[in-house]
Amino acid sequence: MKQVKFAIIGTSVITKYFLEVASSVPEFTLTAVYSRDLQKAKDFGASYGATVFYDSLEALAADQEIDAVYIASPNSCHAAQTIQLMKAGKHVLCEKPIASNAAEVKEMQKVAKENGVVLLEAMRSVHDPAFLEIKEHLKKLGTLRYASLQFCQYSSKYDAFKAGADCNIFNPVYSAGALMDIGIYCIEAMLALFGEPLLVTGMGTFLRGGIDGAGAILAKYEEMIVELTYSKITGSQLPSQIQGEKGVMYISKIAEPNEVRIVYNDGAEEVIDLPVCKNNMVYELETFIKAVKGQKDADEFAQLSRGAIRITDEVRRQIGLTFPADQKIGENAYED
């Protein structure tokens, strides 16, 4: 069994979650950690078995021992770091959102193709077998008419932000905010379940500094309406739901659907049997490694990433949410 030797960019909580589950994947080997602070890279990586540490992306890119890189840096860094590493022949698993805008995604996917490497967005939900079960059971609902997908989670950084602190996740410089951080889960779930909508209408709640803390999107399909609700400044315990003419499906959490049930029009209830998983980041890693080994085609997920970033671009245009990274958008950014 050939090992895939990984480097990690990013030492935040999400990286810790990733590495905790990565140890259960036999083909995964953590070799190197990058941080702008070399000591931070050493302190973080040593506890996970890393043996090489970098504070230079150029040096990391030149390391011939590294097969792949997991990138969990701020959103605004994703495109430049990914492109640099792919040009050096590295496969890249990049945290969601894969980039700041459609122009960046277009260039990233172009470079991946030119260099014969795998580029995959780390959108854990769409790789989860539980999500596949949701898709499989949709036909039981009859003609679909309405869906409400939501992800509202009070941010652990919000109190500090309200007290005046600077927080990356509430800073447009880092292409952050509610839409990009957690709204993207709702968007990609919608696309994976129902395809591309005919049109979208977005709304946002803005915080200081011109960043969104919450928002909603209405998406129009030929026969149905989809409502997406997301927030980093409030929480919710309500499930997502998909309504059809024969019944309604309730989904516990759209990012990690561990409980799904259908209530039919006659009152009968069906609980969908789902695989139990403590951390569904494992599935995105398994998909990525299979793609690296040539055992799986990742094109469907590349298409999903393109569709999602086009929607975030359009919603941001409608609500007036801009990032410094948008200065790179060209007139052909939205061409597929």
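Residues numbered from 1 in each chain as written. Predicted model: local features only at pLDDT ≥ 70, side-chain atom pairs only at ≥ 80, totals over all residues. Heavy atoms only, no water.

K.L.:
Would you mind going over the sheet that holds strand E10 (residues 225-231) in detail, with residue names and values included?
P.N.:
Taking strand neighbours across the sheet as the criterion, the eight strands line up as E8-E9-E10-E7-E11-E12-E13-E14 in an open arrangement whose pairing is mixed. Looking at the sheet topology across the chains shown, the edges are occupied by strand E8 (199-207) and strand E14 (269-271). For this sheet, the mean angle separating the axes of adjacent strands, direction not counted, is 10°. Two elements, strand E13 (residues 260-264) and E14, share three bridges in a ladder whose sense is antiparallel. Bridging from a neighbouring strand, Ile-262 pairs with Glu-270 of E14. Helix H9 (residues 178-194) rests against strand E7 (144-152), strand E9 (211-220), E10 and strand E11 (240-244) of the sheet, and its axis sits at about 155° to E10. Sheet contacts for helix H11 (residues 299-319): E8, E9 and E10; angle to E8, the most-contacted strand, approximately 60°. (Pairing = 2+ DSSP bridges. Helix = DSSP H or I, 4+ residues; strand = E, 2+ residues; numbered from the N terminus. Axes fitted to C-alpha atoms, helices over the stretch in contact; angles between N-to-C directions. Contact = heavy atoms within 4.5 Å.)

K.L.:
Got a sec to walk through the packing of aromatic side chains? Specific residues and values, please.
P.N.:
This structure, assessed with the given rule, holds eleven aromatic pairs. Taken together, a centroid distance of 3.8 Å and an interplanar angle of 5° make the contact between Phe-18 and Tyr-70 stacked. A residue pair is termed long-range when its members are at least 10 positions apart, and Phe-18 in helix H1 (residues 13-22) and Tyr-70 in strand E4 (residues 68-71) qualify at 52 residues. Considered together, Phe-18 and Tyr-70 belong to a single accessibility category, that of buried residues. (Phe/Tyr/Trp six-rings, centres within 6.5 Å; stacked < 30°, edge-to-face > 60°. Buried < 20%, exposed > 50% of the residue type's maximum accessible area, 1.4 Å probe, protein only.)

K.L.:
So what's going on with the packing of H1 against helix H10 (residues 281-292)? Residues and values would help.
P.N.:
Each pair of packed helices can be summarised by the angle the axes make with each other and by the distance between the axes. Orientation of H1 relative to H10, taken along the N-to-C sense of each, is 70°, at an axis distance of 9 Å. Our classification of the angle between H1 and H10 gives roughly perpendicular. In the crossing of H1 with H10, the sense of the turn from one axis to the other is right-handed. Taking contact as the criterion, the partners of Ile-14, Tyr-17, Phe-18, Val-21 and Ala-22 in H1 are, on H10, Met-281, Val-282, Glu-284 and Leu-285. (Parallel < 35°, antiparallel > 145°, perpendicular 65-115°, else oblique. Left-handed = near helix turned anticlockwise from the far one by under 90°.)

K.L.:
Describe the pairing of strand E2 (residues 28-34), and please don't skip the residues or the numbers.
P.N.:
A large share of E2 lies buried, amounting to six of its seven residues. Where strand E1 (residues 4-9) lies against E2, six bridges are found, and the strand directions are parallel. Bridged to Lys-5 within E2 is Thr-29. Alignment of E2 against strand E3 (residues 52-54), held across three bridges, turns out to be parallel. Bridged to Val-33 within E3 is Phe-53. The parallel pair E2 and E3, bridged by helix H2 (residues 38-46), forms a crossover whose chirality is right-handed. (Right-handed = clockwise from strand over helix to strand, strands pointing away.)

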